[in-house]
Every structure is written in structure tokens, then in C-alpha cells.
Amino acid sequence: MSIGHTLLGLLESGPRHGYDLKRAFDEKFGHDRPLHYGQVYATMSRLLKNGLVEVDGVESDGGPERKRYAITDAGITDVSAWLEQPEKPEPYLQSTLYTKVVLALLTGRSAADLLDNQRSEHLRLMRTLTDRKRKGDLADQLICDHALFHLEADLRWLEMTAARLDQLAEVVAP
Amino acid sequence: MTWLRDLGLGIRFAAAGGREGWARTALTAVGVGLGVALLLVASSVPHLLDERSARGDARYEATDSLEAESAKKSDTSVLRIDAETEYRGHTVGGYVMRAEGEHPLTPPGVAEFPGPGEMVVSPALQDLLASSEGKLLKERLPYRITGTIADAGLLSPGELYFYVGSDTLTQAAGGHRLTGYGIDPEPEQISPVLVVLIIIICVVLLVPVAIFIATAVRFGGERRDRRLAALRLVGTDIRQTRRIAAGEALFGSVVGLLVGGALFLVGRRFVGAVELWNHSAFPADLTPAPWLAVLVVVAVPLSAVLVTLAAMRSVVVEPLGVVRHAGGRKRRLWWRLLVPVAGLAVLGSTGQVGEFDPVNPYPIAGGAVLVLFGLALLLPWLVEAAVKRLRGGPLPWQLAVRRLQLNSGAASRAVSGITVAVAGAVALQMLFAAIGDEFDESTGQDPSRAQFHTYSQVVDGDAAARTIEAFRATEGVQAVIGTVETYALKPGRPKDPDDMQPVTSLTIGDCATLKELADIGSCRDGDVFVAHPRNDKEQADWVDETARKGKEVELNSEYADVPGAKSQLWTLPADARTVLADRDPLGTERWGILATVGALDPRTLPSAQTVAQIRIDESVPDAAEHVRNTAARIDPGMEVSTVISFTRDRQYASVQTGLRLGAAATLALIALSMLVSQLEQLRERKRLLSVLVAFGTRRVTLGWSVLWQTAVPVVVGLLVAIAGGIGLGVVLTWMLDKSVTEWWLFLPLAGVGGGLIVAVTLLSLPLLWRLMRPDGLRTE
Amino acid sequence: MTPDGSLLVAQDLHKTYGSTPALDGASFSVHPGEVVAVMGPSGSGKSTLLHCLAGIVTPDAGTITYAGREISSMSDAQRSALRRSDFGFVFQFGQLVPELTCLENTALPLRLNGVRRKAAERTAREWLERLEVDDIAAQRPGEVSGGQGQRVAVARALVASPKVVFADEPTGALDSLNGERVMELLTESARSANTAVVLVTHEARVAAYSDRDIVVRDGRARDLEYVV
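Model, not experiment: these values are computed from the prediction.

A. Representation of the side chain of Thr483(B). If you trace the backbone, Thr483(B) turns up in strand S11 (residues 477–489). A distance of 3.1 Å separates the side chain of Thr483(B) from the side chain of Glu485(B), its partner in a polar contact.

B. Quick peek at the pairing of strand S10 (residues 452–456) of chain B. Residues and elements named next belong to chain B. Most of S10 is tucked away: 4 of the 5 residues are buried. As judged from the 5 bridges shared by S10 and strand S19 (residues 609–616), these two strands associate in the antiparallel manner. In the strand pairing of S19, Tyr-455 is matched with Val-611. Across 4 bridges, S10 lies against strand S20 (residues 639–642) in antiparallel orientation. Residue pairing in the sheet places Thr-454 in a bridge with Val-640 of S20.

C. Inspection of the state of the cysteines at higher detail. Residues and elements named next belong to chain B. All told, the structure shown has 1 disulfide over all chains when counted by the stated rule. Put simply, Cys-511 and Cys-523 are joined by a disulfide, and their sulfur atoms are 2.0 Å apart. On the sign convention where negative is left-handed, the bridge of Cys-511 and Cys-523, at about -70° about the S-S bond, is left-handed. Of this pair, Cys-511 sits in helix H15 (residues 511–517) while Cys-523 sits in the loop between strand S13 (518–519) and strand S14 (528–532); the two residues are 12 residues apart in sequence, bridging distant segments of the chain.

D. Spatial organisation of the confidence of the model for chain B. Residues and elements named next belong to chain B. Residues with a pLDDT of 70 or more make up 86% of chain B, whose mean pLDDT is 79. The element-level mean pLDDT for chain B is lowest in strand S9 (residues 321–324), coming to 62, with strand S4 (residues 118–121) highest at 92. In the model, residues 439–445 has pLDDT below 50 throughout and makes 8 contacts with residues more than four positions away in sequence or in other chains. Note on residues 644–648: pLDDT under 50 across the span, and 10 contacts to partners over four residues away in sequence or across chains.

E. Layout of the nonpolar core. Residues Ile418(B) and Met674(B) are the most contacted members of the largest nonpolar core, which totals 60 residues. For this core, the elements supplying multiple residues, two or more each, are helix H6 (192–217), helix H11 (361–389), helix H12 (395–406), helix H13 (409–443), helix H18 (644–684), helix H20 (699–735) and helix H21 (747–771) of chain B. Considering every element that reaches this core, the biggest residue donor is H13(B), with 15 residues. Leave out the neighbours within four places in its chain, and Met674(B) touches Ala414(B), Val415(B), Ile418(B), Thr710(B), Val714(B), Leu756(B) and Val760(B). Of all hydrophobic cores here, the second largest spans 57 residues; its members include Ile64(C), Leu100(C), Val198(C) and Ala221(C).

F. Local environment of the sheet that holds strand S4 (residues 61–66) of chain C. The strand order S2-S1-S4-S5 (chain C) describes an open sheet built from 4 strands, whose pairing is antiparallel. Both outer strands of the open sheet, strand S2 (20–30) and strand S5 (69–70) of chain C, are each paired with one neighbouring strand and no more.

G. Local environment of the sheet that holds strand S3 (residues 66–71) of chain A. All names here are of chain A. Read from one edge to the other, the open sheet built from 3 strands follows the order S1-S3-S2, with strand pairing classed as antiparallel. This sheet does not close on itself; its edge strands, each paired only once, are strand S1 (16–17) and strand S2 (53–59). Two strands pair when backbone bridges link them, and S2 and S3 are joined in this way by 6 bridges, in the antiparallel orientation. Note that in S3 the partner of Glu-54 across the bridge is Ala-70. Along the sheet, helix H1 (residues 3–11) contacts S1, S2 and S3; its crossing angle with S3, the most-contacted strand, is approximately 85°.

H. Highlighting the interface of chain B and chain C. The interface of chain B with chain C comprises 26 residues on the first partner and 29 residues on the second. Of the roughly 2,700 Å² buried at the junction of chain B and chain C (both faces included), carbon and sulfur atoms supply 60%. A salt bridge links Arg685(B) to Glu99(C), with the nearest nitrogen and oxygen atoms 2.5 Å apart. Seen at the junction of chain B and chain C, the total is 9 residue pairs in polar contact (both at pLDDT 80 or more). For the side of chain B that touches chain C, the elements supplying multiple residues, two or more each, are H12 and helix H19 (686–694) of chain B. Tallied by class, the residues present in the side of chain B that touches chain C amount to 12 nonpolar, 7 polar and 7 charged.

I. Examining a nonpolar patch on the surface more closely. Residues and elements named next belong to chain B. Together, Val-730, Trp-743, Trp-744 and Leu-747 make up a nonpolar patch on the protein surface, roughly 440 Å² of accessible area in all. Tracing the chain through its elements places Trp-744 in the loop between H20 and H21. Owing to a relative accessible area of 61%, Trp-744 belongs among the exposed residues under this scheme.

J. Examining the interface of chain A and chain C more closely. Contacts between chain A and chain C engage 17 residues on the former and 21 residues on the latter. Around 1,700 Å² of area is buried between chain A and chain C when both sides are counted, 47% of it from carbon and sulfur atoms. Counting the surface chain A buries against chain C, the share from its top three residues, Asp116(A), Arg127(A) and Arg134(A), is 35%. Linking chain A with chain C are 5 salt bridges, by the criterion used here. Across the pair Arg127(A) and Asp213(C) runs a salt bridge, and its minimum N-O distance is 2.8 Å. With 10 residues, the top contributor of residues to the side of chain A that touches chain C is helix H6 (residues 111–135) of chain A. A breakdown of the residues in the side of chain A that touches chain C according to their chemical character gives 6 nonpolar, 2 polar and 9 charged.

K. Representation of a negative patch on the surface. Residue and element names in this part refer to chain C. A cluster of acidic residues, Glu-126, Glu-129, Asp-134 and Asp-135, forms a negative patch at the surface. With respect to the secondary-structure elements, Glu-129 resides in helix H4 (residues 117–130). A residue is classified by how much of its surface remains accessible, and Glu-129, at 45% relative accessible area, is partly exposed.

L. Geometry of the packing of helix H14 (residues 463–472) of chain B against helix H17 (residues 623–634) of chain B. All names here are of chain B. Where H14 contacts H17, the two axes come as close as 10 Å, and the packing angle between them is 145°. Crossing geometry of H14 relative to H17 is assigned as right-handed. In contact with Thr-467, Ala-470 and Phe-471 of H14, H17 contributes Val-627, Thr-630, Ala-631 and Ile-634. Here the residues of the contact of H14 with H17 sort into 5 nonpolar, 2 polar and no charged.

Scoring rules and cut-offs
Residues numbered from 1 in each chain as written. Chains lettered and ligands numbered in written order. Predicted model: local features only at pLDDT ≥ 70, side-chain atom pairs only at ≥ 80, totals over all residues. Heavy atoms only, no water. Helix = DSSP H or I, 4+ residues; strand = E, 2+ residues; numbered from the N terminus. Polar contact = N/O pair within 3.5 Å; in protein donor to acceptor, adjacent residues only side chain to side chain. Buried < 20%, exposed > 50% of the residue type's maximum accessible area, 1.4 Å probe, protein only. Pairing = 2+ DSSP bridges. Disulfide = S-S within 2.5 Å. pLDDT = per-residue confidence, 0-100. Contact = heavy atoms within 4.5 Å. Core = buried A, V, L, I, M, F, W, Y, C linked by side-chain atoms within 4.5 Å. Axes fitted to C-alpha atoms, helices over the stretch in contact; angles between N-to-C directions. Buried area = accessible area lost by both parts, 1.4 Å probe. Salt bridge = Lys/Arg side-chain N within 4 Å of Asp/Glu carboxyl O. Nonpolar A, V, L, I, M, F, W, Y, C, P; charged D, E, K, R; others polar. Patch = residues over 30% accessible without salt bridge, like charges linked within 9 Å, V, L, I, M, F, W, Y side chains within 5 Å. Areas by Shrake-Rupley, 256 points an atom, 1.4 Å probe, with all protein chains shown as cover. Lys, Arg positive; Asp, Glu negative; His and termini not counted. Charge placed at Lys NZ, Arg CZ, Asp CG, Glu CD. Left-handed = near helix turned anticlockwise from the far one by under 90°.

Structure (C-alpha cells):
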């Protein structure tokens, strides 16, 4: 899962301090594992270096000095590209997909398209596996079937999520 | 008591099964109701006949009135003469009556004795006379209507009947003195032939009704089975499901009983309008015999339960669905064959019986019933066997045949009703035809010569001449012979009592008429002739035995036989000429004594009649009615008879029409049940039909398949029925020692069967078309 | 034919049952010999799309072109004739005529096309052999297993050498192993006969037998390949 793209996506709704970013991330995605502040700092400096964010201002109202980050046009393009790029189908990628869906909803992009793209990607792989299975021996068939069943489970999840997008939108972006 | 609870559960399912449950119950109830109504009508027949004959007895002349010495003129006595006539094929009964005192007897149902020139009529006759249809009859009965005959004086509401008042009727003119009405009901001895006919008719008409009821109980069976399967899923056992099913059937049939009772009660109000065999019935006559009504009320629900249990024997309701023993139980032939063969054996062992032989009718009826039932039993096996052998053919045919191969039971059941009805009707018609034709042969009359004979007791001097004139002037009459006729006997008694008293006919007419009867040459009033037949010496000698010139002849023909009769002698003039008889204009030869009115005054004859023979042009509409009108004008008591074979033909035709109507009505009932099963089956196959539509199946293809599906069992059934019916007809005809005269009587019934196939198919098509829409595919 | 070589093309289809819109601007195309899966949740309108494409129901609006002919403007008889000659069908269940044997069921489309019984049954038997169910040819559908029945259905869909086979949840009533075998046989046979298959399914593993897939959602089909 790409923390960089996630933080970039969160910045799309407006400039934030690093600490705000961490809080927003934790609230939306870090249910089981809160993000370490150091990780935010490291990620932001990498994004700064790549020109995807810029420092919008520095504040120091008595405390330590705090930078406010804002997303650049290049950053927005990068988020879009990331959201449009289907994930390579593999087991346990719900967390990444979930992040993408939420970010899409937060940034007003089409979460349904995102899911459909992912579905197509899954199906493409399933087609390849099915083809291999058809031509292969029993061992091939069993191995392919294992992958196929996992991919099918993902696909079902995609369908379910697609069917509940409206509900999700109300929760994450009221 | 658990089984009572299960039955109750079934009843609750039937009563509270939602829309579908009600639809099913309603269908069964209406079906059973129709059947029950018919059964109630049938069980009313004994009462109906009793009431009819009681009213008939009540208006019949009392027995002691018929005795000459007890019939004295009194204040209440009445002179009357039968004035029955016929109008366009309907009998119009009635009397001309003359009161002999101040307080004349009135017949039952008549409030006031009609005065001269007045008449009292039945309501049906009143309606007829008031209508344009009755215009000609009005000319015949031109009297003022002063009242109507109440129900008590009529056999049936449709009866045409009248009483005309007169002040001129005399005993000499045929008036008969009546001193009382009503005879004691006599236990009528029904002829064995009639008993056989009645029993077969009952079987022919009632068995299909029973079969119809049994079919109606099974309406919606497949859906019910599925519902029962759902019950099995929640834990009922097989016996419980059977009892629940029985409860449902019980409820349906009890509702059916109520519906049938209601139909019967409503329907009998209109029964007067229904006419069969020229008869109708009063609503009050249609009262079921109590024990028969009880039988219907008990037997219908009971058989509904039994039929349901029997139907469920071949079905195993599993929790997840219904398993049918398709082809599990093979139909066996031997016991099915046993029944009709046993029937034929019974008939055969009874042998031939004469029409009037004392014979036990029950073996004959029993045998015939066994044959008919046997045919119905044979049918399912035959349909199965016939269908099993069918292969190939066009697609609709294949679909229908395969369908029947899979399950021909429902179709066979319905069709077995047809088989009984048609076979019975065919056999009965053959029997009637044989009896009827034999009668025609025995009369030997030729209706192309004279269609009418009239007889009148009014015998004044110029009666014959007036009669001829009146008839000649009548529309549609082609030829008339009118004479006064009586018989002349040789006086004294023959030496050997076994010998026949020599007798010859005595015909009195004017010279013009006599010229038409014989080659008399010159004739003057006062002449007498003895006419000999041509080319028949024996007959001529017989004439001469009586007609001895210059010797006396006896004019009172009763003198020889009736004690106390007065002799009335007349001398045959010695100068009477012997002449040869000619064929009269109607084609018959007349011989015997021919006398002119001047030689022998007809008024002096003790028992003479004015006789006319009339030939009409049958192409003239209502010529017969004009003849009867003229007859009534000359003498209201004149008897007009049509040549007998003519009447018989009509009577026979009415029996045949009745039989055909009954059989057709039964077939319609069967068609109804076939239609319901067909529609039900189509609805069951909604999805399959949609799939076939998706495949691009033409409507015509499926339409034909529906047609064949009905046609195959019906045709097999009709073939069995016709073969069996002809067989039974031949045997019955042989038993009554008659010969079969008509072999093609089954054709109209076969036609009705064909119509039935078409009707069932056509009526299923709208639903088929509706189901052949793609909606059935949308199941998600 | 459309410029891109599609066999069957639907554009902007609309169909309403009562007040429920089943199709709301669906587009679709399939090439000769191509297997296209139509996916989507229940009630999304995928079956309606199939029924429209096959000419079983007519859309309220939009056009369907098959081999250059406008299906939506054909008469009912013309559409029936087209279905008999050019299309084949496999459904989820309830599709075999229970009173006919499996062989006769398979021969049905040929017979509807007027082929004589002997010839039709000969061809039908060959197809039953290809689908490995020639041993049940003489049995009735009620006497065979679901998998066997569905193979008979596939044989029947292909027997008249259609240009397009429409399959609506053809494995819906089968277990995975049987379902996959049926799909394998269906797609292989179709491909070797250059028959296009429109496969409606909600199962990804079934859809995986296709060359391409489209999704129907709320009556709108997104045919990624078809460019309006």
C-alpha cells in the first residue's frame, strides 16, 4: 500500500500540517496500525523532493515550528494515475483497494470506475489462469484453481463494495 | 383423532390458501357443483314422473263414468269429444265439451266451465295463440279465451291444451257422456325393453358426470403436490400429507355440493323453459327423491376423498419435491378385458327375448352396463398401447405423442367419460332405429299418396260432399276423396262359429265421387253398385258373399259381436250393377257396396263415419296446418290422422335428437374438464414455453401440438366407443330379435367429438399465446 | 456489419418493465467467434440485455444490428425465424422438454428449421458425442443428472450451427466441477465452430472462460471495447 499516494490524496481537499495528515490517515485508514509520525515526515520530504507537494507556509505559535503542505498539479496527476492504475491482482489487497476507494470518494473521483477497472484486471488474470488450466495437467489445474478461487473472492468483494458505494460515501465523505 | 386434525388442516389449506388456493377450490367446487346439479336433476326424475302421471290420472275420465249404464245424464254430466290436434309438430290436446245441466263438472285446473264459443287454454297455448307463430292455429281455435288451465290440470308447463265449450255437441255426433274425473293410479307395468333402455340411458348420462366430478376433484393437483412437499419439509409424514390432501378434496367437494345445490335451486326456476321430447317440467316437479339426494350428499364427498387418495398412491411426496411413478405401474390388460367380456357373456346367455315376453330385464341392463364400464376401463390401456407405438412424424405430432407417452392417465380419464357416453348413445340409437324401422315396414303405407285421413262422426246427407268441397278449397291440397263409410255384414250367424262373418265395406257418396272409385258408367241418385277388385277372383267372391243382390245386409256391424245390439237390415237392390273398382285418385282400389245418397240415407246408419283422404303438396308451407284448420271448421271433433309411418318418423327423430343432445351435453362437460386440465398443464409449463419461444418456435407448431395432444386420446376414445357401441347395439338388437337397419348413426357423435377437439384446442390457444411471451424467462 | 467487424451491435438500449427501468442506455458488441461475458449484480438488467440482443423482446429505444440487419424493426415472425436459423440458447434450468428424449431435445432446433427427423437426430447424436453425453441419448431429461442435462442443452444450442449462442447463467444450477466442464465444452465447441457466445453470468470463474467481459450496472452496460 502506498502511503505516499494516500497522503497526497488527503492533501487534495486542502493544505494540512503534517500532524493533521497523520490524524486524518489514522482516522480513515489506520484502524489497526496508526501511522508513525516519523513515517509522515519521511514521506513528505520525499514528495517535496519529487515536486508533488510544496510547503504552503510555516507556523510556530509558541511551539515547535510546523510546516503546512499543499499538493501541486503534478501531485494531483500522480494521485489520479495511481487511482486509475489497477492493482496487480494478488491475495490480500483489500486494504490498498479500500484506501483507493475511500480516496476516490474523498477526492470526488469515480470509485465505481476504479472498481470496474480492478475487476477487469482480475478477470484478465483469471482468463489467463483458466486458459493455462485448460491446457495443463492436473497439477496445473489444481494450482490454477487455488489462485482462481482467491481471485474470485476478491472479485466478489469488489462487487459487494461496488454495490455499497453510496453507503460508504456517506460515511467517509459526509 | 390425529387424522381428524390432519383433515382439518387440509380444509384450512383449501379455505385459506390465498388466491391460488381459492382459485383451485373454486375450480373444483364449480366442477363438482355442475356434476351435483345434474345428479340432483336425475334424482328428481322419479318424483317428476310420479307427479306427471298423478296429474294425468286426475284429468282422466273416471272409471265408472266409462260404464254405459252408470253414465246417466245429470245436473253435472258433460258431453265431450276429443279434439286433439297437432300444430307444426307439437301435439295440442283438448276437448270440446257441452254441459248437460246447471252445474257441469270441470276438469282439474279449470275454474269455470267454458260457455258456448268460449275456451279455457293452458298458458303455453295462450302464448302460442297470441304470437305470430300461432296465427294458423288461431284460425283452428277461433274461440274466445275466458280463462287458463292451472298447473294442476297440466302435465307440464309447456303443454298445449284446451277445453272448448259447445251447445251443439250431441251423442250422435260422437259426444261421449262423462260423469267424473280421476282414476286411481295403477302400478304401471313397464315393458322390459323400456327398463333396459332406461337403465342404459341412466348409465350413459350419469357415468360421464361421475367421471367429470372425479376429474374436477383433481384440478390443480400438481400445485397441491408441491404444497404438500413443502409440508413434508417441515416434518409431516406421508400418511399425514395424504390426510391433508383428503381434507382439501373434502372441502372442495363440500363447497361443490353447496354450489350444486344452489345451481339446482336456481336452475329449477327456469326448468319450464327447457323442453325435451316435447315435454317440460314444473319447478315443483323437480324435487329429488330423499334417499337419492342423501346418496348424492354422502357419495360425492366420499368419492372425492377416495379419488384423491387413489391419485396419491402413484405419487410420492418427498420433502424436496414430488416423485411420480412414471411407468412404474404397468397397466394390465387381462382384468380390463374381463369386464366387457363378462358383460357380453351375460347378454349372450340371456339370449333372444320377444318384445312382450316376460323377461327379467336386470341381466340385460347389467350386461350392457358391464360392457360400457368395460370400455371405459379398457380405454387407458388402449390409449397407452396406441401411443406407445407412435413414432416420428412432424414436430408438433412428436411433441404431443411424447407428452402422452409420459403421462396419458389424465387424458384417458377424461376421455373414458366420452367413451361411455358415445358408446351408450350409439347402441341406443341403433336399437331405436331398429324398432322404429320395423314399425314403418309393418304399416306398409305410402305417404306419397295420402298424408292425411280424417274421420268425423257427423254424418248428415251431404257430409261427404261438403267435406270434399271444403278440403278441395284448402290451400296446399292436391287430391281429396270424401265418403261416408261403414260396413255391411251378411245377416245371421255363420254355421261354424270359427268361420268369419262375411263382411264388406259400404261406401256412400254422390255420383261424382263414386265415379272416381269405380268404373260405374252412368249413374243417377238412387243407384247402387257392387264393385269387384280387378284381377282378384277370390276377393271378388268374398264381396259377393255379403253383397247378394235382392237380399238383405246387416248395417249394424256390432250386431254380430255385441249382445243387445239392434239389427238394422237393408236390402241390396236387385238391379244393383256389378262394376270393376278403379284406383282412386290417391292410388288405392276400393271394392264392396257403393251406394248413392239417394239409395241409402247416411243419417240412418248406426256407426258410420265421414271419411276423407287427403294428399297435400308438401312444398306448400303449412299445408298440413291448413288441412287441420279446415277439419276443425267442418267439425271440431273431426279426427285428423297423419299416415302412421310419418308420425313414427317424427317421434323416433325426437328420441334420437334427445339422445344426441344428451350425449352432446355430456361431451361438452367432458370437454370442459379437458380444457381445465389443458390450461393447467400449459400454466405449469410457462417457463418451458418461454424457452421454446426463445428458440424461435412458431406459435403454429405449439398450437398443433396442443391439438394433437387432445385429438389422439379423443380419437382413440371415439374409435373404442364407436366399435363398442356398434357391438353392443348389434347384440341388443339381436336380443330383441330385430335387425340392425342403420350403421352410420355414430357419425353425428363422431362429428361432435371432432368439434370437441377443436373447441378445447381453440379455447386453450389464448392462454398458449399469452404464455408464449418471453416474460416466463424473467425468473430472477 | 459494422465498420469494426462486429457481428451483433446494440446501441443505447432502453427497456422498461412496468415502471422499473431494466435497461437504461446499454451498448454492446460482439465479433464473430468471440466469447463475451455479460456480468453484473442481480437485477442489473443483464438478462434483459440478452433477451433484447437475441430478439426475444424488443427494446423501447435504441438499435440492435445483426449482420447488417436491424433486429429491433423486424416483425415477430422474422425475429423468430432469425432465432431459429442463426441463434442458439442455453438457460439455467427448465429448458429441456421433459417428454422428449435427450436426443430429441438436441434435435429440436434442427427440426424447428425443417430438417427431417432422421437427419436431425444424426447431427444431434454427433453433438451429444462431442459433449460426452451420447450414452444418455435415449433417456428423458427427468432421468439424467443436472450436469448431463446442461450438456444436452449445450449440444442443443450448438446443433443448428448458430452464429451466436446466448447463454443465460448456463452453470447456475451446477456444482463447480460440472459447471466448469460445461463451460469448457461450450466455449471450445463455439470457438471451433466460429460461433460467438454471449454469456450472462454473475460468476467470475464462469466469466473467465470468455475473451472479454462487460458489466451491466443499473441498466447501463459499459462495453469498454465498443466505441460509440
